Amino acid sequence: MSRNIFRLKSKWFVLASGGSAVFGLYHYLKPDEIECQVSINTYSHTSTKWDHNWDKRDVSSLIKPVKHENNPSDDKQFDEKKAKLTPVATRHIFLVRHGQYEDWKNDDKDRKLTPLGRQQAAILGQRLKSLNFTYTRLIRSTMTRAIETSNIICKYLPTVPVETSDLLREGNPIPSEPPIGTWREEYKYYEDGPRIEAAFRKYFHRAPASQKSDSYEIVVCHANVIRYFICRLLQVPPEAWLRFSLYHCSITWVAIAPDGNVCVFSVGDSGFMPHDKLTKA
C-alpha cells in the first residue's frame, strides 16, 4: 500500500436512484489547482486509447489528403473543405427497452405486452414528454412488443415521426465473457451479430455538418441490443454486454458530440417508474 498525490483533470461519479445509475463526466476549468490525496494498491494495466474515428466520420477521413508540395492554394482549399464538413451539433439518443410482455408464447405476433407492460409504457411516455425535448424521430424494432410500446409512447408524443427497422430486432450479438446466462447455439450469434452490428453502424455516429442544432432521438428496442450498443459506444470489449441488466421501459441516454466523443448520461434509468411496476424478465 502506498500513498500518492494525483492531480485530477476529470472526475467520474455514479449516482444510484430507484434502480437507476446516472453517469457524468465533469471537467475542471483549472485542473492544476486541484489535488486529491488517495491510497491505492499498486497495480499495472494496459491503457487503450480512444479511437476518434470510431464512426468513420472524423472530418480528417472525409477529405482527400493534400499532397505536400508547398502549394498555398491546396492548403487553403483543404482548410475550406474541413470547415465545411466539421460537425457542430450533438446527437442525443434515448434507448428504451420495451415493456413487460408475454414471453412464454412462441410466436412474436402473440408475444404482446402484458397489462403491466402497457402501464410501464404509459409511464415511460409521460417521462419522455416531461423531459421537454424536441424529439427528432422515434425509431423502433419490428417486434410486437416494441411496436406496442412505441405506439403507447406516441400517445404522449404525437408529432414525433416514426421509423421501423428490422435491424433493431432482439437477438444474440456476440458470445458473452464470462459465459453467463442462457446457452445459445453458435449459429445464432453468427446470424444475429452482423445484423445488430449493422444497426449500430447505421444509427450511431456523430451528426453531419448539415445539422446545425442538437437532436434528440428515441430508439425503442431490446435489452441485448441496447447493452451491445453501449459497449460499442464506450469502446469497451463488446463481450461485456451481458454484465449488466435493464428494467422494462428503462431509459439509456447517450450523447455523441461533434468531435465523436461519447457521453453516457444514464444506463437503464428507471427511477421514474414506481417500485411496484419494476420488472426485468
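Placed above this text is the structure.
Residues numbered from 1 in each chain as written. Predicted model: local features only at pLDDT ≥ 70, side-chain atom pairs only at ≥ 80, totals over all residues. Heavy atoms only, no water.

Enquirer: For this particular structure, what's the right way to read the packing of aromatic side chains?
Expert: Geometrically, a pair of aromatic rings is defined through the distance of the ring centres and the angle of the planes. Evaluated as defined, the whole model comprises eleven aromatic pairs. Centroid distance Phe133 to Trp253: 5.7 Å. Interplanar angle 65°. Geometry classified as edge-to-face. Within this pair, whereas Phe133 is found in the loop between α2 (115–130) and β6 (137–141), its partner Trp253 is found in strand β9 (residues 251–256), the two being separated by 120 residues in sequence. Among the aromatic side chains, those forming a connected cluster through ring pairs are Phe94, Phe133, Tyr135, Tyr216, Trp253 and Phe265. Stacked on the ring of Tyr101, the Lys or Arg Arg145 has its end atom at 4.1 Å from the ring centre. (Phe/Tyr/Trp six-rings, centres within 6.5 Å; stacked < 30°, edge-to-face > 60°. Helix = DSSP H or I, 4+ residues; strand = E, 2+ residues; numbered from the N terminus. Lys NZ or Arg CZ within 6 Å of the ring centre and 35° of its normal.)

Enquirer: Looking at this model, I keep getting lost on unusual backbone geometry. Mind explaining?
Expert: Glycine aside, a negative phi is what most residues show, and trans is what most peptide bonds show. In the segment running from Glu177 into Pro178, the intervening peptide bond is cis, with an omega of 5°. Structurally, the position occupied by Pro178 is in the loop between β7 (162–165) and α4 (186–203). If you check the backbone angles, Asn132 has positive phi at about 65° while not being a glycine. Mapped onto the elements, Asn132 comes out in the loop between α2 and β6. Not every positive phi belongs to a glycine, and Gln235 is a case in point at roughly 55°. By secondary structure assignment, the location of Gln235 is in the loop between α5 (223–233) and β9.

Enquirer: Even after reading the chapter, I still don't get the nonpolar core, so can you show me in this structure?
Expert: In globular proteins that are soluble, nonpolar side chains generally tend to be buried together. Ranked by size, the top nonpolar core spans 29 residues in total, and within it Leu95, Leu168, Phe204, Phe229 and Leu233 carry the most contacts. For this core, the element with the highest residue contribution is α5, accounting for eight residues. Every residue in contact with Leu95, bar those within four places of it in the chain, is listed here: Phe204, Val219, Cys221, Ile226, Phe229, Ile230, Ser250, Ile251 and Thr252. Of all hydrophobic cores here, the second largest spans 24 residues; its members include Ile123, Cys154, Leu157 and Val220. (Core = buried A, V, L, I, M, F, W, Y, C linked by side-chain atoms within 4.5 Å. Buried < 20%, exposed > 50% of the residue type's maximum accessible area, 1.4 Å probe, protein only. Contact = heavy atoms within 4.5 Å.)

Enquirer: Quick question: what am I supposed to make of α5 here?
Expert: Given 3.6 residues per helical turn, the α-helix brings residues three or four places apart onto the same face. Among the eleven residues that make up α5, ten are buried, leaving the element largely enclosed by the rest of the structure. Burial in α5 covers these residues: Ala223, Asn224, Val225, Ile226, Arg227, Tyr228, Phe229, Ile230, Cys231 and Leu233. If you follow the buried residues of α5, they end up packed against β5 (91–97), α4, β8 (215–221), β9 and β10 (262–269).

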